[in-house]
Every structure is written in structure tokens, then in C-alpha cells.
Amino acid sequence: GNWNSYTSLMLEPWADKPGEYGKAGVSPERVMEIVLAANESNFDVSVHVDDSAITRTTIDAFEESINAGYKDARNSLQHYHNVHPIDQERTIDLDLAVNSTPLFGTDWSNTDQQALQILVQERINTSHMPYIEAIRAGVRVSLSGDVPSSPPAEASALINIEASMTLCDPSNEISEPFLSGVGISLEQAIKTLTIDPAWQARMEDKIGSIEVGKYADMVILEQNLFDVAPKDSESVQVLATMM
């Protein structure tokens, strides 16, 4: 489920629906069962969490797996969007992998107004879109679009890079941040589109960086991103794609 459609489970009730917490699409017991069985069979597990209660019960399952001896599993929290501060600390301490979509932390598609209505400012400040703090803490984070929930054109690497640095919608010239704090650096943003997702997919020996022996998958840009203002990153043209 998703927080802005009231279809996932929260630790606290929706601000505009007092007493309602949403629901879990999969029970915590079933998540625990699947994670342990998968990790025992050397499969990694990626769970769509999105909301605070789902995030907590999924972290519980991942921690139980670690305690059971499956320390090499690369389990990941997908749609890491509403996370209680206690569970943010657990994600960091357990060194769990995370995926998030930067556009959902901007005023894209009135997401800011939905957040203010459903979550209120206090919860936005403490729990909403904490991927930025996770990156700064050294968590392996991958950033991506969310096709088909958002159009394929809005899933590009450059859009994710700009949105994560500016906390603004790259398609809107008058976009303003609604998250507190500042975005990540360009170096950190590039890592979330290359090295870290390659690790999450267990393909770090083949992709994720330009090295001898790896696939020569890369793009050639018309400008050096390090010479471009963060708010202009998305407008840099791709001259060629190599695969």
C-alpha cells in the first residue's frame, strides 16, 4: 500500500482520519516466514514498506534473519518513505539496504499538500523521506523512479539526481522544498544511481563503476555535472548511451 492513499499501515493514525491506522497487505507473521525461508535458501528479499508500521515489522523480520545467522543476505526496504526515528536508527545499526524515490519528497503532483494533510508538519520533519539521513549515515541507498505510478520520463537518473540534491521537482521552475534540511551532494547522488544499486542487485562485479573487467554501460553527457548548478542537472543532455 501507499501512505497517500491510506492503504498501508501506520504506527500513528492518519492526521485527517483520527483513529484510523490503515492496514497491512501482508501480515507481519507472513513477512517473517517468507524472509527467513528465502534467506535460508540464499535469496535476498525486497519489501515494499512505504509506511511506518510496515517498515517496523519488516525490520523486525530482517533483524530476526540476521540473528538466525543469515548475515550475508542483502535484504532491502523499498519505498523507504515514512520511518519512525527509532526504526531509522535500526536501519543504520543493522546496515540494511534502502530504496527511495526522490520525487515523492518534493511538491511533485501536490505530494507536499498531501503530506501536510495526512502526516502534518511534525511527522514530516521527523519521519518523512529519511533516505537523506540514511545516505549520510553510510547506508547503501538506491534511488529510482516509480514506474508506472509516475511516467517513465520521470524515472531518469538526472531527475533523481536533481530532486535528491535540491528537494524540488525538476519539472517545475517554481518548485519549493517542503522537507526540512538540505539535500545530498552530487557525489552521494551519483553513488545512489550506480555503485549502491549494483551492490543491492549483487552485480557489483559487473556494473556500478567504470573499471577494467566490468560492462561498459555508461552515458556521455554534454556537460560535466560538477560544473552545473544542482537545479540545472536534469536539463543536461545525454549525447550517447553505451551498453
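Quick note: structure is the one above.
Remember, it's a predicted structure, so these values are computed and weren't measured experimentally. (Residues numbered from 1 in each chain as written. Predicted model: local features only at pLDDT ≥ 70, side-chain atom pairs only at ≥ 80, totals over all residues. Heavy atoms only, no water.)

### Let's talk about the overall build of the protein chain
Right, so step 1: The secondary structure content of the protein chain amounts to 9 helices and 6 strands.
Right, so step 2: Taken against the 2.2 N^0.38 rule, which gives 18 Å for 243 residues, the C-alpha radius of gyration of the protein chain at 18 Å falls within 12% of a compact globule.
Right, so step 3: With the C-alpha coordinates aligned to their principal axes, the bounding extent of the protein chain is approximately 50 × 45 × 30 Å.
Right, so step 4: By the burial criterion, 41% of the 243 residues in the protein chain qualify as buried.
Right, so step 5: A separation of at least 24 residues holds for 66% of the contacts in the protein chain among residues at least 6 apart in sequence.
Right, so step 6: Within the structure as shown, the protein chain displays about 12,400 Å² of accessible surface, and the carbon and sulfur contribution to it stands at 52%. (Helix = DSSP H or I, 4+ residues; strand = E, 2+ residues; numbered from the N terminus. Rg over C-alpha atoms; globule rule 2.2 N^0.38 Å. Buried < 20%, exposed > 50% of the residue type's maximum accessible area, 1.4 Å probe, protein only. Contact = heavy atoms within 4.5 Å. Areas by Shrake-Rupley, 256 points an atom, 1.4 Å probe, with all protein chains shown as cover.)

### Things to note about the packing of helix 7 (residues 157-166) against helix 8 (residues 186-193)
Right, so step 1: Interhelical geometry of helix 7 versus helix 8 gives an angle of 140° and a closest axis separation of 9 Å. The angle between helix 7 and helix 8 falls in the class oblique. When you trace helix 7 past helix 8, the crossing you get is right-handed. Each of Ala157, Asn160, Ile161, Ser164 and Met165 in helix 7 lies in contact with helix 8, whose residues at this interface are Leu186, Ala189, Ile190 and Leu193.
Right, so step 2: Classifying every residue of the contact of helix 7 with helix 8 gives 7 nonpolar, 2 polar and no charged. (Axes fitted to C-alpha atoms, helices over the stretch in contact; angles between N-to-C directions. Parallel < 35°, antiparallel > 145°, perpendicular 65-115°, else oblique. Left-handed = near helix turned anticlockwise from the far one by under 90°. Nonpolar A, V, L, I, M, F, W, Y, C, P; charged D, E, K, R; others polar.)

### A closer look at helix 1 (residues 28-40)
Right, so step 1: Relative to the 18 Å expected for 13 residues at 1.5 Å per residue, helix 1 spans 18 Å between its end C-alpha atoms, a close match to the ideal helical length.
Right, so step 2: What helix 1 keeps buried is the set Val31, Val35, Ala38 and Asn39. Each buried residue of helix 1 sits inside an arc of 95° when the element is viewed along its axis, so together they form one side. Set apart from the buried face of helix 1 by more than 90 degrees, the exposed residues are Glu29 and Glu40. (Expected span 1.5 Å × (residues − 1). Arc of directions from axis to C-beta.)

### Topic: the packing of helix 2 (residues 52-67) against helix 3 (residues 85-93)
Right, so step 1: At a minimum axis separation of 10 Å, helix 2 and helix 3 run at an interaxial angle of 30°. With respect to their mutual orientation, helix 2 and helix 3 come out roughly parallel. Classified by chirality, the crossing of helix 3 by helix 2 is left-handed. Contact with helix 2, carried on its side by Ser52, Arg56, Ile59, Asp60 and Glu63, involves Ile86, Asp87, Arg90 and Thr91 of helix 3 and no other residues of that element.
Right, so step 2: Tallied by class, residues from the contact of helix 2 with helix 3 come to 2 nonpolar, 2 polar and 5 charged.

### Considering helix 7
Right, so step 1: Among the 10 residues of helix 7, 9 are classified as buried, and the element is accordingly described as predominantly covered.
Right, so step 2: Within helix 7, burial applies to Leu158, Ile159, Asn160, Ile161, Glu162, Ala163, Ser164, Met165 and Thr166.
Right, so step 3: In this structure, the buried residues of helix 7 make contact with helix 6 (131-136), strand 4 (141-143), helix 8 and strand 5 (218-221).

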